[in-house]
Amino acid sequence: MKLMYPEASRRVFLKTLTAATASLVLPGRPWQARGGPVSAAGAITAAELPRGAAPKPLWPEHFPDRLHAFVWRNWGLVPTDRLARVVGARPDDILRVGLRLGLGRPPRISREQQARSCLTVIRRNWHLLPYEQLLELLEWTPEQMAFTLREDDFLYVKLGNLKPDCAPLRYQAPDPAMTRHAARLGEIVAAEFPEGASRTSDPLFAFVSRLSTPPARAPRPAKAVPAGDPSGAAPLRFCYSYFALYGDPLLEPEADPYPAGYLARLAQAGVTGVWLQAVLHKLGPCPWMPERSARWEERLKNLRALVARARRENIRVWLYLNEPRALPLRFFESRPQLKGVVEGDHAALCTSVAEVQNYLRDAIARICRAVPDLGGFFTITASENLSNCWSHGGGAQCPRCGKRAAAEVIGEVNRLIADGIRQAGSRAELIAWDWGWHDAWAEAAIGALPAEAALMSVSEWSLPIERGGIKSSVGEYCLSAIGPGPRALRHWKAARQRGLKTLAKVQAGNTWELSAVPYIPAIENVARHGENLRGAGVDGVMLGWTLGGYPSPNLEVMAETLDGAPAEEAMRRVAERRFGPRLAPEVVRAWRGFSAAFREFPFHINVAYSGPQQLGPANLLWAQPTGYAASMVGFPYDALDQWRAVYPAEIYISQLEKVARGFDTALTGLKQAAGKTSGLSRTHRRALGEECSVAEAAAIHFRSCANQAQFVLARQALAAAGTESERAGHKARLRALLEAEALLARRLWQLQSRDSRIGFEASNQYYYVPLDLVEKVLNCRDLLERWLRD
């Protein structure tokens, strides 16, 4: 998740974020990475974890009781014996509940799967369990939970900045009424999913092993990366791992973010760089709190191995820096001279202080000496975590930085990093990203950058758009609009006037418009954007934030256009490589159709972050308003007014329907081509099937968003209806929408059951699993029978 809003909205959001995250860490606590050791001195209790408003949890009334919901939602994700232990039952008790619900025998769950699905487990139990039982379910300490809520891409914000006030859940044998209710659900499951609701041909995370296997076809020709000298390397096009764990990837060897086979597939798609998050006190000794840096040597060793492995594929490794990280207020009681701006119970390490400047410079130099072939660093200096005193716009509070301009402080932080690179004699490069830089001082910050830095800007930022007659501008990553926009062009011009290199930040694969598919097949939009960037003369491209790292045709087409191919030629080449000459024309035609449809998406930053498009049909429907606000790419609930942002509800719905219809039309042609696959190679048939799967899943998500918005409107109309005739009409509309949602959920269940990529995104893990789609069918059936029965 990235934090960027148009200026007024962004200030409000950062204030909210600050209040939310400030409560996540208590003064003086030595926080550890997920799964890492925790010192006894740092122990806290579950009672100290953040709760926010602690509202009443939402009760899924389609289940007999909370125990049945707990068993259902954790089936296949958490071992049965642990489920039993959490609620004080015997494993056989839990097994009987699951079998009665029609879930079948529980599958074996590997340790790797448990590590990769912890965020998914947290979300699905957020309204079911108190912290104490949630910790037991995960086998975590409170410190591990606090670290994850704060550091795992702002998870607590995604959860709504609150923890529902759940009572402890204890096992009690179901009474006869509950038993009958559960048996009835089992009958519905058997009728609706005769293949078996828990049975999948492509288990969760199966794509990881496939992507970790070297590809069959040869990669695009790439320029070799000279050892210790990246200056002669191929133009930089870098992305994030499609399946990395965000928290502490250099200490989780069982969840390698960049296995050799995956790197080879990225190289095949034209990628020349990869990145991962770095926290300086984890890559070297913290001079003030050495306990924060446990196992830093091991991390550097693993980073060195990753860099060597990537270089064999002509790929460079880059580290993302958001430094220096703020520290608890207690730290500054004995070091007041280091204290900068205060937010909550943390304060910035003031970068106007020589001691902090030396720390930054020396930490960078240590990394560069330890990893001489490192590609470089890129920085975010005015967003995300509190770092320098001006990083959240409040530098005036600091007695030192308040006397300095924001641009001066931002420029100095980047210069200190450049000094560290130079001090080590390294050829690593530095990219300064203007994310969060205010328009009032952004060009001054560019002027303050070190001469060896490059300037990166989000290409489509501030691009004017009009959707459904509603005018706005792009204020977040956007694949439905084709950049570059005026802000990036202006900043690149200012950088070139100083002789700096320029890079574009894009989302070539997918965006928060829809991140639950591995890529959005709007390939023509990507090709046109790449063509425009080539014309703009940028020196490199960041292909994606934490999303979009699947080795997709999108990445490949972007590489082709940046290398000089016209958009149409680039699409033809990639289609022929992936699908063969016979199918290529049909595939390109479908890509054009998907792209045209996607240009109708009702884009706004609040639509992207708050809408239900990540969950699609997995988002439950409610007979009464939930009262919950949508959270950021987490829980959309039923908050239609947040979903639609600047769009009137009818236009929001009609634009989503346009997107869905356009995808359906293009998909029809692609499926017709798929029906003529006799004589095609097995590889090309499989590639076409996967392309259809991704496109259909995307179409289902868009269609479901429109349905859900119409459901909320119809529910409101039913509540306001004055006559029985009006009520009957609204009930009929609600019934039709529930039937439509159940149908979409069943179809998406089929797709996800045979394509484990569907529903997954690295920083959120699985938004939904197949059983969530089965639950949606139960949800719809319950509302039809209990709420809308004549």
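Residues numbered from 1 in each chain as written. Predicted model: local features only at pLDDT ≥ 70, side-chain atom pairs only at ≥ 80, totals over all residues. Heavy atoms only, no water.

Participant: Requested: an account of the confidence of the model for the protein chain, with residues and values cited.
Facilitator: Of the residues in the protein chain, 92% reach a pLDDT of 70 or more, and the chain-wide mean stands at 91. Predicted confidence for residues 1-41 stays below pLDDT 50, and this span has 131 contacts to residues more than four positions away or in other chains. Contacts from residues 223-231, a stretch scored under 50 in pLDDT, to residues over four places away or in other chains number 23 contacts. (pLDDT = per-residue confidence, 0-100. Contact = heavy atoms within 4.5 Å.)

Participant: Describe the packing of aromatic side chains, listing the residues and the values that go with them.
Facilitator: Summed over all chains, the structure comprises 39 aromatic pairs. The interplanar angle of 55 degrees and the centroid separation of 6.0 Å between the aromatic rings of F711 and W787 together place this pair among those described as tilted. Pair noted here: F711 is in helix α25 (residues 682-720) and W787 is in helix α27 (residues 770-787), with a separation of 76 residues, a long-range link. With respect to burial, F711 and W787 carry one shared label: buried. Clustering of aromatic rings is evident, with ring pairs tying together F238, Y240, W275, W318, Y320, F378, W433, W435, Y477 and W545. One residue, K163, lies across the ring of W126, its end atom 5.0 Å from the ring centre. (Phe/Tyr/Trp six-rings, centres within 6.5 Å; stacked < 30°, edge-to-face > 60°. Helix = DSSP H or I, 4+ residues; strand = E, 2+ residues; numbered from the N terminus. Buried < 20%, exposed > 50% of the residue type's maximum accessible area, 1.4 Å probe, protein only. Lys NZ or Arg CZ within 6 Å of the ring centre and 35° of its normal.)

Participant: Quick one: what's the story with the layout of surface pockets, residue by residue and with numbers?
Facilitator: Approximately 970 Å³ is the volume found for the largest pocket. As for the largest pocket, its lining consists of 36 residues, and the residues nearest its centre are R265, Y550, R686, A687 and E690. Mapped onto the lining of the largest pocket, the elements with two or more residues apiece are α11 (206-211), α12 (260-268), α19 (553-562), α20 (567-579), α25 and α26 (724-754). For the lining of the largest pocket, the element with the most residues is α25, which contributes 10 residues. Along the lines of polarity and charge, the residues of the lining of the largest pocket split into 13 nonpolar, 7 polar and 16 charged. (1 Å grid on protein atoms, 1.4 Å probe; cavity = no way out; pocket = protein on both sides within 12 Å on 5 of 7 lines; lining within 4 Å. Points joined across faces, edges and corners; volume = space filled by probe spheres on them. Nonpolar A, V, L, I, M, F, W, Y, C, P; charged D, E, K, R; others polar.)

Participant: Can you tell me about the pattern of salt bridges, naming the residues and giving the values?
Facilitator: Tallying each qualifying case throughout the model produces 49 salt bridges. The salt bridge partner of D256 is R309, with a shortest N-O separation of 3.0 Å. Of this pair, D256 sits in the loop between β1 (236-240) and α12 while R309 sits in helix α13 (residues 296-311); the two residues are 53 residues apart in sequence, bridging distant segments of the chain. Since its relative accessible area comes to 24%, D256 is described here as partly exposed. Here R703 and D664 are joined by a salt bridge, their closest N and O atoms 3.1 Å apart. In this pair, R703 sits in helix α25 while D664 sits in helix α24 (residues 649-674), placing the two residues 39 residues apart along the sequence. Taken together, the shared-partner salt bridges connect E556, E560, E569, R572, R573, E576, R577 and R578 into one network. (Salt bridge = Lys/Arg side-chain N within 4 Å of Asp/Glu carboxyl O.)

Participant: Any chance you could break down the packing of α24 against α25 for me, citing the residues and the numbers?
Facilitator: The interhelical angle for the contact between α24 and α25, taken along N-to-C directions, is 155 degrees, at an axis separation of 9 Å. Our classification of the angle between α24 and α25 gives roughly antiparallel. As for how α24 packs across α25, the hand of that crossing is left-handed. (Axes fitted to C-alpha atoms, helices over the stretch in contact; angles between N-to-C directions. Parallel < 35°, antiparallel > 145°, perpendicular 65-115°, else oblique. Left-handed = near helix turned anticlockwise from the far one by under 90°.)

Participant: Describe the environment of A630, with residues and values.
Facilitator: Within the secondary structure, A630 is located in the loop between α22 (605-610) and α23 (640-644). The buried category is assigned to A630, whose relative accessible area is 11%. On a C-alpha basis, the gap between A630 and A649 in space is 16 Å, while along the polypeptide they are 19 residues apart. Discounting residues that sit within four places of it in the chain, A630 has contacts with S610, F635, P636, Y637, A639, Q642 and W643.

Participant: So what about empty space enclosed by the protein? Which residues, and what values?
Facilitator: Under the counting rule described, the total for this entry stands at 13 cavities of 30 Å³ or more. Approximately 440 Å³ is the volume found for the largest cavity. R73, R123, A618, L620 and F635 are, among the 21 residues lining the largest cavity, the residues nearest its centre. At the level of elements, α6 (118-125) and α27 are the ones that each hand at least two residues to the lining of the largest cavity. Looking at the lining of the largest cavity residue by residue, the class counts come to 12 nonpolar, 4 polar and 5 charged.

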